[in-house]
Amino acid sequence: MGQAARTAAGVAGAAAAMSLLLGCTGHSDDAPARRPAAGAQADTRTDTKADSRAGARADTRADTEADVRAVARTGTSRQVLDVAEQLLERDCMRRHGFRFWVVAPATARRDFPYVLDDIGWARTHGYGAEQRAALRRAAAIDPNKHYLLSLPPDRRTAVVAALNGPRPEGLTADLPNGVRVTHSDTGCTAEAERRLYGDLPAWFRATRTTTVLTGERMAAVQQDQRYLDAREDWARCMKAAGQPYTDPRISRATAERGVSRAREIRFAVAEATCARSTGLSRVAAAVDRSYDTRLRQRYPGAYGDLARLTEAALPRARALIARG
């Protein structure tokens, strides 16, 4: 679940207010766990209105009540929880005298964290340019964004404070990378998460910790010698196919800078074909599983709390969506 930083302090203008309301995500690089020495001051950062919806809120579209309710039947667990939390936030914001729209999650995107390895998908979608365009369109029509921008500055500040809480105080998580993040335990988001998950402090710690660990796991995989050896084989395959890229991240970034549709598909098909033929996708998946297992063994509390609280919240979430 995931990963964002939002703050309610110092709102100055519409751009700042929107960044605070909708959030911006930050992950640490892979690093061993470290804590401040005795008497030292921890690296403290605010983390407000934070969870996996940092990206998911952008991946939404304004829709009908019927579509929102359909999430309870057909949506993923994450989508169900997201919509339920928005419903609780909407009710809370209304009590504060503000408007708030619930938006139904769009169709889940395919995720290729290390290398694109689905040749058929690549032939149809390339690297997903049409999905990126859909996200931009959804962001452009986001009713909450337009509502916030329509308000005078003092009301924008009040909206953000009502949603996030007035100050990032009350919830704290000391992350495996040594960073301390804080969040208000008041405000409509905190109220919604408390009602949905029950144990708000445990939910806060679990989501923030596992988000950081996901980033650290991916960084570790990409530095692992098994992955690097397989990537060299992939690079030779790509060069033979006329795509002289040494890293899947480079080929993807090149395509996403705005090449033609035909060229994007050519890049993507070559990447996927070479990922399959050289075994890079298989190696990446195996190395990822090995690091995931290690992290779950090292941080059983965070992963256990996340699973426990999520499972307990799902029936409540479906009931909330059915109620509307």
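Rules of the game
- Residues numbered from 1 in each chain as written.
- Predicted model: local features only at pLDDT ≥ 70, side-chain atom pairs only at ≥ 80, totals over all residues.
- Heavy atoms only, no water.
- Helix = DSSP H or I, 4+ residues; strand = E, 2+ residues; numbered from the N terminus.
- Buried < 20%, exposed > 50% of the residue type's maximum accessible area, 1.4 Å probe, protein only.
- Contact = heavy atoms within 4.5 Å.
- Areas by Shrake-Rupley, 256 points an atom, 1.4 Å probe, with all protein chains shown as cover.
- pLDDT = per-residue confidence, 0-100.
- Core = buried A, V, L, I, M, F, W, Y, C linked by side-chain atoms within 4.5 Å.

Student: Is there a simple way to think about the overall build of the chain in this case?
Tutor: If you tally the helices and strands in the chain, you get 15 helices and five strands. Every one of the 324 residues in the chain was classed for burial, and the buried ones make up 49%. Sequence-distant contacts, at least 24 apart, represent 74% of the contacts inside the chain between residues at least 6 apart. Per element, the accessible surface of the chain, about 15300 Å² overall, is 53% carbon and sulfur.

Student: Hey, could you run me through the confidence of the model for the chain in this one?
Tutor: Close inspection of predicted coordinates is inappropriate for parts of the model with low pLDDT. On average, residues of the chain score 82 in pLDDT, and 79% of them reach the 70 mark or higher. Every residue in residues 1-64 scores below 50 in pLDDT, and together they form 163 contacts with partners more than four places removed in sequence or on other chains.

Student: Got a minute to help me understand the side chain of Ser251 in this structure?
Tutor: Inspection of the secondary structure assignment puts Ser251 in helix α12 (residues 248-256). We classify Ser251 as buried; its relative accessible area is 0%.

Student: Sorry, what's going on with the nonpolar core here?
Tutor: The tendency in soluble globular proteins is for nonpolar side chains to be buried as a group. Residues Leu116 and Trp234 are the most contacted members of the largest nonpolar core, which totals 29 residues. Of all the secondary-structure elements, those providing two or more residues to this core are α5 (119-125), α10 (200-223), α11 (225-240), α13 (261-278) and α14 (280-298). With seven residues, the top contributor of residues to this core is α13. Residues in contact with Leu116, not counting those within four places in the same chain, are Trp121, Ala122, Gly126, Tyr127, Arg252, Ala268, Glu271, Ala272 and Ala275. Membership of the second largest hydrophobic core comes to 24 residues, among which are Val80, Val83, Leu88 and Ala317.

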